[in-house]
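Summary of structural features
Spelled out from the first residue to the last, the chains are:
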Amino acid sequence: MNHPDQHHMTEIMFREATDGSLTLEEARRKLHADAYLRTAAETLAKYCGVKEDDPTLLRKTVTDLLLASDPSAKKDSVERKVRSWINDRIQLISRKSALQLAFALKLSVKDAEEMLWRLCGEGFHWRDPEDIIWLFALDHQMTYMDACALSSRMVPVYQLPNELPVDQETMTENIRREVIQLRTEADLEAFLKESAPRLGALHNTAYHLFTEFLELLKSSDVDDLLPGEEKMTAGEIVTTYLYNHLIPRAKKEKSGKRSDESLVKDAIQRDIQQNWPDEFALARMASRETDVTRKVLILLFLACDGGETAYGEFSDEDTEDLFEDTYARLNSMLADCGFSPLDSRIPFDWMVLYCLVADDLTSIDENIPNFLSVIFQPSEDEKE
């Protein structure tokens, strides 16, 4: 079967998701039938300039790049790793391998971040000292081995005991502007020392939006509360607004040979289900034990339509503009938080795009649980 090229695949799936005429069952069938799920092999082919339908050449190209960028690597081990990426049709690879490829391909920071989004599901964290070093090395066209050596030299700098409180108000974009101005290794070292209180591996912009959205949802009906009643709990929020009860948490593995249709269905469900937030995940993010994820931020944005943040401004003068307005505001928020924009090749994002096509905000709220109910509806085989 001949598939369209990557750009056309994305356009086709975007058009189908936002068509506006599909029923839920038709949308489910469309997603299952036309889901050109982006694989690691497809992304590797794109950035290596090799056709995906020539796996032998692609394996050799990627293997040669990795071996050339790290002469100490064992050829058999690298070949085995690359073979699994391409033959097993996996979607994500390790961040370390993706970074190594970015240096081997001499990518710009912009192209490297795009490749990381596709290969790892995340880009660079501009407030993470280690990522700042990788960004500096990429921007100065260093080799992978030189970048590793630079990172080793800088570890004592950014791991110095920090007696100052971390500035939680520092935003990613502020750091980004300063990092791209660094010219020498001495500049980098000085920046890491002086900026220690402002740096951290967690996304501050995303965290502040997360807390605002969460507080708004907790008190969304606060005016209707009777004396003695409390705000909504995290558990009530994930059930009421994030539809946690509709997401299967465990699924029996099937044995034997699987049909292509079954494999696609599983891949779609797995992408939507993966890292869907429960109350414990929200608690860990709220306490900054873990970073706020892209999926959580999107779900919270949809639950309160951007809330009272800059991304919540909306004019309902013409309902025909509802999709474009919400789509633009959501993508703007993701960009400001360092996350990738909505991508119709990702099943979760396809669901979001489909659900955004509505006459009013209430319909969007109804679309999401309805879509989840249909997409996770068990087949006749699974009911047995």
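Residues numbered from 1 in each chain as written. Predicted model: local features only at pLDDT ≥ 70, side-chain atom pairs only at ≥ 80, totals over all residues. Heavy atoms only, no water.

1. Thoughts on the overall build of the chain
When its secondary structure is counted, the chain shows 20 helices and zero strands. Taking all 384 residues of the chain together, the buried fraction comes to 46%. Sequence separation of 24 or more characterises 68% of the internal contacts of the chain that already satisfy a separation of 6 or more. About 20100 Å² of surface is accessible on the chain, with carbon and sulfur atoms providing 50% of the total. (Helix = DSSP H or I, 4+ residues; strand = E, 2+ residues; numbered from the N terminus. Buried < 20%, exposed > 50% of the residue type's maximum accessible area, 1.4 Å probe, protein only. Contact = heavy atoms within 4.5 Å. Areas by Shrake-Rupley, 256 points an atom, 1.4 Å probe, with all protein chains shown as cover.)

2. Remarks on the environment of K51
Within the element layout of this structure, K51 appears in the loop between α3 (40-48) and α4 (55-69). Overall, the relative accessible area of 63% leaves K51 in the exposed class. Expressed as a C-alpha distance, the spacing of K51 and A41, which sit 10 residues apart in the sequence, is 9.7 Å.

3. Side note on unusual backbone geometry
Its identity is not glycine, yet Q141 carries a phi of approximately 55°, on the positive side. The residue Q141 is located in the loop between α8 (129-139) and α9 (144-158) in this model. Judged by relative accessible area, which is 74%, Q141 ranks as exposed. Non-glycine residue D305 carries a positive phi angle of around 50°. On the secondary structure map, D305 appears in the loop between α16 (294-304) and α17 (322-336). Relative accessible area serves as the criterion here: at 15%, D305 is assigned to the buried category.

4. Looking at the environment of M13
Along the chain, M13 falls in helix α1 (residues 6-17). For the pair M13 and K30, spaced 17 residues apart in sequence, the C-alpha to C-alpha distance is 9.0 Å.

5. Overview of empty space enclosed by the protein
Following the criterion strictly, the structure yields two cavities of 30 Å³ or more and no others. Its boundaries defined by the atoms lining it, the largest cavity holds a volume of some 50 Å³. Together, V109, W126, L135, F136, D139, H140, V179 and I180 line the largest cavity. Grouping the amino acids of the lining of the largest cavity by side-chain chemistry returns six nonpolar, one polar and one charged. Its volume calculated, the second largest cavity comes out at about 40 Å³. Broken down by element, the residue count for the lining of the second largest cavity peaks at three residues, all from α16. Residues belonging to the lining of the second largest cavity are distributed by class as follows: seven nonpolar, no polar and one charged. (1 Å grid on protein atoms, 1.4 Å probe; cavity = no way out; pocket = protein on both sides within 12 Å on 5 of 7 lines; lining within 4 Å. Points joined across faces, edges and corners; volume = space filled by probe spheres on them. Nonpolar A, V, L, I, M, F, W, Y, C, P; charged D, E, K, R; others polar.)

6. A closer look at the nonpolar core
Ranked by internal contacts, the top residues of the largest apolar core, which has 62 residues, are F210, I272, L297, M333 and F371. Per-element accounting of this core gives the leading share, nine residues, to α16. Excluding residues within four positions of it along the chain, I272 makes contact with K295, P347, F348, M351, F371, L372, I375 and F376. Membership of the second largest hydrophobic core comes to 51 residues, among which are C48, I86, V109 and I132. (Core = buried A, V, L, I, M, F, W, Y, C linked by side-chain atoms within 4.5 Å.)

7. Topic: the pattern of salt bridges
The tally for this structure, following the rule as stated, stands at 13 salt bridges. Of the charged contacts, one joins R28 and E25 as a salt bridge, the two residues approaching to 2.4 Å between their closest N and O atoms. Remark: E25 and R28 occur in helix α2 (residues 24-34); sequence separation between them is three residues, near one turn of the helix. Here E25 falls in the partly exposed class, since its relative accessible area comes to 29%. The salt bridge involving D343 is made with R38; its shortest N-O contact spans 2.6 Å. Separated by 305 residues along the polypeptide, D343 in the loop between α17 and α18 (347-356) and R38 in the loop between α2 and α3 bring together distant segments of the chain. By the burial criterion, D343 is buried, and R38 matches it. Shared partners join several salt bridges into a network, and the residues in it are E25, R28 and R29. (Salt bridge = Lys/Arg side-chain N within 4 Å of Asp/Glu carboxyl O.)

8. Thoughts on the confidence of the model for the chain
With 83% of its residues at a pLDDT of at least 70, the chain reaches an overall mean of 83. The model gives residues 222-228 a pLDDT under 50, and that stretch makes three contacts with residues more than four places away or in other chains. Note on residues 380-384: pLDDT is under 50 here. Beyond four places in sequence and across chains, it has five contacts. (pLDDT = per-residue confidence, 0-100.)

9. Some words on α9
The periodicity of an α-helix, 3.6 residues per turn, causes residues three or four places apart in sequence to face the same way. The end-to-end C-alpha separation of α9 is 20 Å, in line with the 21 Å expected for 15 residues at 1.5 Å each. Most pronounced at S152, the bend in α9 amounts to some 25°, and the proline P156 follows within four residues. Within α9, burial applies to Y144, A147, L150, S151, M154 and V157. Contacts from the buried residues of α9 go to α4, α6 (95-104), α8 and α11 (185-194). (Expected span 1.5 Å × (residues − 1). Bend = angle between axes of the 7 residues up to and from the residue.)

10. Thoughts on helix α15 (residues 279-286)
Listed in full, the buried residues belonging to α15 are A281, L282 and M285. All buried residues of α15 lie within an arc of 100° about the axis, which places them on one face of the element. At its buried positions, α15 is contacted by α12 (204-218), α13 (234-240) and α16. Between a side-chain oxygen at the N-terminus of α15 and the backbone nitrogen of F280 the separation is 3.1 Å; the capping residue is D278. (Arc of directions from axis to C-beta. Polar contact = N/O pair within 3.5 Å; in protein donor to acceptor, adjacent residues only side chain to side chain.)

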